[in-house]
Amino acid sequence: MPFDVLYEIGQHLTPGDLLHLSLTCKVLRVVLLGTSAKSLWTNARKRLNFPDLSPLAPMTEQQYANLAWGQLCQVCGKKGGSPDFYYRRRLCARCSKNALSKTPDLPEEFHPSTPSCLVNSNGWHRKVDRNTASNISFRLHELQDEDDTERNLSRYKPSGTRSRRVQERPESDGESPPSRVDDFVAERRKWIKAINQDAESISGACQDYASKERSERYKESRARAAIERERRNDIEAKAQSLGYAGVFYDRLWYQSDVVNKAEPLSDAVWEEIKPKVLKLLDTIQAANDAKEAKNREASRMRERKRSLRSAYKDLFDSTSQRDAASTSTARIPHSFPLFPNFLNLPTVKKFWEPKDSQKYDEDKWNARLPEIEADVDEYRDALRWSAIATILSSTTDAEPDYADDAYPADIYDDNFLNRPSSYLFCTLRNCATRRRWYAWRRVSPRDVFYGPLPELLKHQHSDVHSSADMEDGVDGGRCDIPDLLARTLGSILVAAGLDDDASKEELDATGTYVWKNAPKKSVRKKKLGWKELMIEVHKVVVKYKRKKVEEPVIRSMKFGMLGKKEGDDVDEVEEEDDGEEDDGEEDDGEENDSGEEDASSGEEDEGEVPASDADDQ
């Protein structure tokens, strides 16, 4: 390309365009960065109303353009460099951290006048270039030495004798000789003042230019959107004339490049894109029909499920009455399946799962009632087996027994299920709730249910876990005891001096306990009963369910013993602590009303013994 043509093109480019053009090849770089192209850069800058620089702090036009329009860090060459108009360089975050330092962080051996001779990065947060500060400090020390030498020499004069002895001159009342340090500082301040004025003017010009660019891009996008909207409306009108209706409000329609294009729709263009548009509409119509069919089937299935609720309630009432009249302990009271579990029984599924099934029919239900009752009894037996296996695996590390006569009722009776070491936590959704405020009411927090299996099953059939919102099924089991909670209860029993067969009354009589290594300081101060302490530990386990929690260290306030068995080591595992200082927030918004902080919790605890001495007691 001839150079005169290149210069003619350059008259219509911005300094940023010229800068990017100079990076394309060596030939253009030599031409555009040469002295003959200075007028090209100057005219491009003045067309955008960027100010001239002070003669005290000049820059070349290419350096000016790189500062305002560049994209690379001037130290490491990586993208992402941001301009510093006071420091007059583009630096990325890493290079800025390495090159700049706060003024108070300068070494003490620097000359005291050094900060007043430095340009502050970005003008206000007092960051200066370390290398420049070191050079200026060195220069100031040199000038200071020269001033001190001249001042010392001026204090003496020759005596006029042959010995050329000197006499000290009396201090004159006149002004002291000019200082080289003061002159240097004054010159630097003039230069810094010019730098700051140029930086403010360049920054303002960049902001005006960026605002103008945003405004122009916004106008262009609005104009392009108007053309696309008009084209889309024309296409929809032509498609409606062909019998398509109600299919235009779809994501695929608004994302199509054929429909949404900034080009007016003419008859020739319509004939060209018509096959593609009709194919797209057919695809959207087929997807909408499939979605509607799926929704209709799901609605009919929900209606079939709801129609079984009355039959479920009748069977639940009859089974509860039969359990109340029976003296057998083979099945646990209130172990009747919840409504979602009931719907998933094999015999009950036949009433709602097939697409051709109808709503609840009493005659068909009564005909299959014995099979349904057999499935219910099998579910209750499986629930009892699962609960006992969970209890034994958490307390004795025993493997589940899959034999038919496993866990006989005369051994694993109510006494076994009602002891504290057999307590379980409810695992249904929304068992524990957080405190919430609404415009019309305040919802109090509710802790997770923790108790013996019969009471837990009765709790799950209460209004707390209404089956109205659980028609899609229940995830997982109905009860569980995490390993950490089982070990925590073992620590409580050790601190109280009891064994696993201790009753609830015996454990209630042991008083309160303290969680010595709780994640929160406020929890470490609480004196809680054994049950409230288990619920508090459960909150932490739920909160850090994806992280390892430190093994709880429990101390009895009544006996002064730590809950640690002989030969056991408290496993120190990694934990992301909330901090030693309490941040005032409650765990997950929950509040334990029964675990209020004792007024005397801040006093020194008496009778505390090390874990190694707990076994001797």
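Cut-off values and rules
- Residues numbered from 1 in each chain as written.
- Predicted model: local features only at pLDDT ≥ 70, side-chain atom pairs only at ≥ 80, totals over all residues.
- Heavy atoms only, no water.
- Helix = DSSP H or I, 4+ residues; strand = E, 2+ residues; numbered from the N terminus.
- Buried < 20%, exposed > 50% of the residue type's maximum accessible area, 1.4 Å probe, protein only.
- Contact = heavy atoms within 4.5 Å.
- Areas by Shrake-Rupley, 256 points an atom, 1.4 Å probe, with all protein chains shown as cover.
- Pairing = 2+ DSSP bridges.
- Axes fitted to C-alpha atoms, helices over the stretch in contact; angles between N-to-C directions.
- Polar contact = N/O pair within 3.5 Å; in protein donor to acceptor, adjacent residues only side chain to side chain.
- Nonpolar A, V, L, I, M, F, W, Y, C, P; charged D, E, K, R; others polar.
- Phe/Tyr/Trp six-rings, centres within 6.5 Å; stacked < 30°, edge-to-face > 60°.
- Patch = residues over 30% accessible without salt bridge, like charges linked within 9 Å, V, L, I, M, F, W, Y side chains within 5 Å.
- Salt bridge = Lys/Arg side-chain N within 4 Å of Asp/Glu carboxyl O.
- Lys, Arg positive; Asp, Glu negative; His and termini not counted.
- Charge placed at Lys NZ, Arg CZ, Asp CG, Glu CD.
- pLDDT = per-residue confidence, 0-100.
- Core = buried A, V, L, I, M, F, W, Y, C linked by side-chain atoms within 4.5 Å.

### Things to note about the overall build of the protein
Alright, step 1. For the protein, the helix and strand inventory stands at 22 helices and 13 strands.
Alright, step 2. Taking all 617 residues of the protein together, the buried fraction comes to 38%.
Alright, step 3. Considering only residue pairs separated by 6 or more positions, the protein has 67% of its internal contacts joining residues 24 or more positions apart.
Alright, step 4. By element, 48% of the accessible surface of the protein is carried by carbon and sulfur atoms, the whole surface being about 37,600 Å².

### Description of the sheet that holds strand E11 (residues 479-480)
Alright, step 1. Ordered by their spatial adjacency, three strands build an open sheet running E10-E7-E11, and the pairing between neighbours is antiparallel. Strand pairing shows two members of the sheet lacking a second neighbour, strand E10 (450-451) and E11, which therefore form its edges.
Alright, step 2. Pairing between strand E7 (residues 424-426) and E11: two bridges, direction antiparallel. Residue pairing for E11: cysteine 426 is matched across the bridge by cysteine 479.
Alright, step 3. Those strands touched by helix H17 (residues 453-460) are E7, E10 and E11, and its axis lies near 5° from that of E7.

### A short note on the side chain of arginine 231
Alright, step 1. As for its position among the elements, arginine 231 is in helix H8 (residues 180-241).
Alright, step 2. Within the structure, the side chain of arginine 231 is placed 3.0 Å from the backbone oxygen of valine 258, a separation counted as a polar contact.
Alright, step 3. Excluding residues that lie within four positions of it along the chain, arginine 231 makes contacts with Val258, Val259, Lys261, Glu263, Pro264, Leu265, Val269 and Ile273.

### Side note on the environment of tryptophan 253
Alright, step 1. You can see tryptophan 253 is positioned in helix H9 (residues 251-255).
Alright, step 2. With residues up to four places along the chain from it excluded, the contact list for tryptophan 253 reads Arg232, Ile235, Glu236, Phe248, Val259, Asn260, Val277, Leu280, Leu281 and Ile284.
Alright, step 3. A polar side-chain atom of tryptophan 253 sits 3.0 Å from a polar atom in the side chain of glutamate 236.

### Focus on the packing of helix H2 (residues 15-22) against helix H4 (residues 38-47)
Alright, step 1. Taken N-terminus to C-terminus, the directions of H2 and H4 make an angle of 145°; their axes are 8 Å apart at the nearest point. Contact residues: Pro15, Leu18 and Leu19 in H2; Leu40, Trp41, Ala44 and Arg45 in H4.
Alright, step 2. When the residues that make up the contact of H2 with H4 are grouped by side-chain class, the tally is six nonpolar, no polar and one charged.

### A few points about the packing of aromatic side chains
Alright, step 1. Here the structure, examined in full by the defined rule, presents 22 aromatic pairs.
Alright, step 2. Between tyrosine 360 and tryptophan 365, the ring centres sit 5.9 Å apart and the planes meet at 70°, which makes this aromatic pair edge-to-face.
Alright, step 3. Judged by its relative accessible area of 27%, tyrosine 360 falls in the partly exposed class.
Alright, step 4. Assessed through its relative accessible area of 3%, tryptophan 365 is described here as buried.

### A short note on the side chain of serine 22
Alright, step 1. With respect to the secondary-structure elements, serine 22 resides in helix H2.
Alright, step 2. Not counting residues within four places of it along the chain, the set of residues in contact with serine 22 comprises Leu28, Arg29 and Leu32.

### Quick notes on a negative patch on the surface
Alright, step 1. On the surface, a cluster of negative charge is contributed by Asp314, Asp361, Glu362 and Asp363.
Alright, step 2. Positionally, aspartate 314 belongs in helix H11 (residues 309-325).

### A look at the confidence of the model for the protein
Alright, step 1. Of all residues in the protein, 83% attain a pLDDT of 70 or more, and the chain-wide mean is 81.
Alright, step 2. Per-element confidence in the protein is highest for E10, whose mean pLDDT is 94, and lowest for helix H22 (residues 611-614), whose mean pLDDT is 37.
Alright, step 3. This model gives residues 565-617 a pLDDT under 50, and the stretch forms 88 contacts once residues within four places in sequence are excluded.

### Notes on the nonpolar core
Alright, step 1. Ranked by internal contacts, the top residues of the largest apolar core, which has 68 residues, are Phe342 and Tyr513.
Alright, step 2. In terms of residue count, helix H15 (residues 369-395) provides more of this core than any other element does, nine residues in total.
Alright, step 3. Among the nonpolar cores identified, the runner-up in size contains 27 residues, and Ala37, Phe50, Ala65 and Ile192 belong to it.

### A short note on the pattern of salt bridges
Alright, step 1. Evaluated as defined, the whole model comprises 21 salt bridges.
Alright, step 2. Its salt-bridge partner being aspartate 148, residue arginine 151 comes within 3.1 Å of it at the nearest N-O pair. Here aspartate 148 and arginine 151 lie together in helix H7 (residues 130-154), a separation of three residues that amounts to about one turn.
Alright, step 3. The class for arginine 151 is partly exposed, based on a relative accessible area of 38%.

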